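One-letter residues, chain by chain:
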Amino acid sequence: MSLSVITLDEAPILLQQVTVKKKNKPDFVWKGAKGEHKGFIFGQMGGSILREVALYIPNEDKLEGFLDEVAFYIVRFGQHKTPFRVHVYDVNGDMPGKELLSGNVILAGKRPNKYTTVDISSYNIPFGENGVFISMEWLNLNDKKYFYTIKHYNSKATDTYYGQQIGLSGEFEELYGRVRINNGPWKKMTAGFASPMFRAKISF
């Protein structure tokens, strides 16, 4: 019996080149106040009438993302270390709507004339096409160390103030500030035709 010899021709296999790239971190941008403080401030008198101040953060680029951090500019005048509560709201018309921040986030300024920042990325708050409102709420802590008095010019009379004062900015083309008293209805903030110096870090 004769054996047959089968010969196979080699056929090279060409593999397409693959480029492996390191995964980049998510892109992010700060939205809200960006300018320097020009001297306008906003706060409150006493401790029984408590304000909450919010800033609208629009989504002009219509990019969807999540809030990483929020920041609040607290000035030297007043008791800058007074604790306050942080809120994030969706947009209802042109006013703050439903609360989006599920946790009780309490913050206090560390250094005056600086932004006080808090990381809220763990709450997975979406930044949708309508944007969000971020706010700070003054708290009635009824502690004497958070009160201070201001003497009237050329008078012996004094006024009692409570808590921290925030910086205002005139950099916005519209009045993006909103204010309410003792959890009442929201109104447009017209103090000095400026808006609160708040901002938010958005990851896309």
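Above this text is the structure in question.
Residues numbered from 1 in each chain as written. Predicted model: local features only at pLDDT ≥ 70, side-chain atom pairs only at ≥ 80, totals over all residues. Heavy atoms only, no water.

A. Looking closely at the overall build of the protein. Each helix and strand counted, the protein has zero helices and 17 strands in total. Expressed as a percentage of the 204 residues in the protein, the buried residues total 41%. Relative to all contacts within the protein whose residues are 6 or more apart in sequence, the contacts with residues 24 or more apart total 77%. With an accessible surface of roughly 13,300 Å², the protein has 51% of that area assigned to carbon and sulfur atoms. (Helix = DSSP H or I, 4+ residues; strand = E, 2+ residues; numbered from the N terminus. Buried < 20%, exposed > 50% of the residue type's maximum accessible area, 1.4 Å probe, protein only. Contact = heavy atoms within 4.5 Å. Areas by Shrake-Rupley, 256 points an atom, 1.4 Å probe, with all protein chains shown as cover.)

B. Structural detail: the side chain of Lys 31. As for its placement among the helices and strands, Lys 31 is situated in strand S1 (residues 28-32). There is a polar contact of 3.3 Å between the side chain of Lys 31 and the side chain of Glu 60. If we skip the residues at most four places from it in the chain, Lys 31 touches Ile 57, Pro 58, Glu 60, Asp 61, Phe 127, Arg 199, Ala 200, Ile 202 and Phe 204. (Polar contact = N/O pair within 3.5 Å; in protein donor to acceptor, adjacent residues only side chain to side chain.)

C. Structural detail: the nonpolar core. The biggest cluster of nonpolar side chains holds 45 residues, and the ones touching the most others in it are Leu 67, Val 70, Val 86 and Ile 134. Secondary structure elements with two or more residues in this core: strand S3 (51-57), strand S4 (65-78), strand S5 (84-92), strand S7 (105-107), strand S10 (132-138), strand S13 (164-169) and strand S17 (198-203). Element by element, the count of residues in this core is highest for S4, at six residues. Not counting chain neighbours up to four residues away, the residues in contact with Val 70 comprise Val 86, Thr 116, Thr 117, Val 118, Ile 120, Ile 134, Arg 199 and Ala 200. (Core = buried A, V, L, I, M, F, W, Y, C linked by side-chain atoms within 4.5 Å.)

Interpretation note: all reported values are geometric properties and have no functional meaning in isolation.
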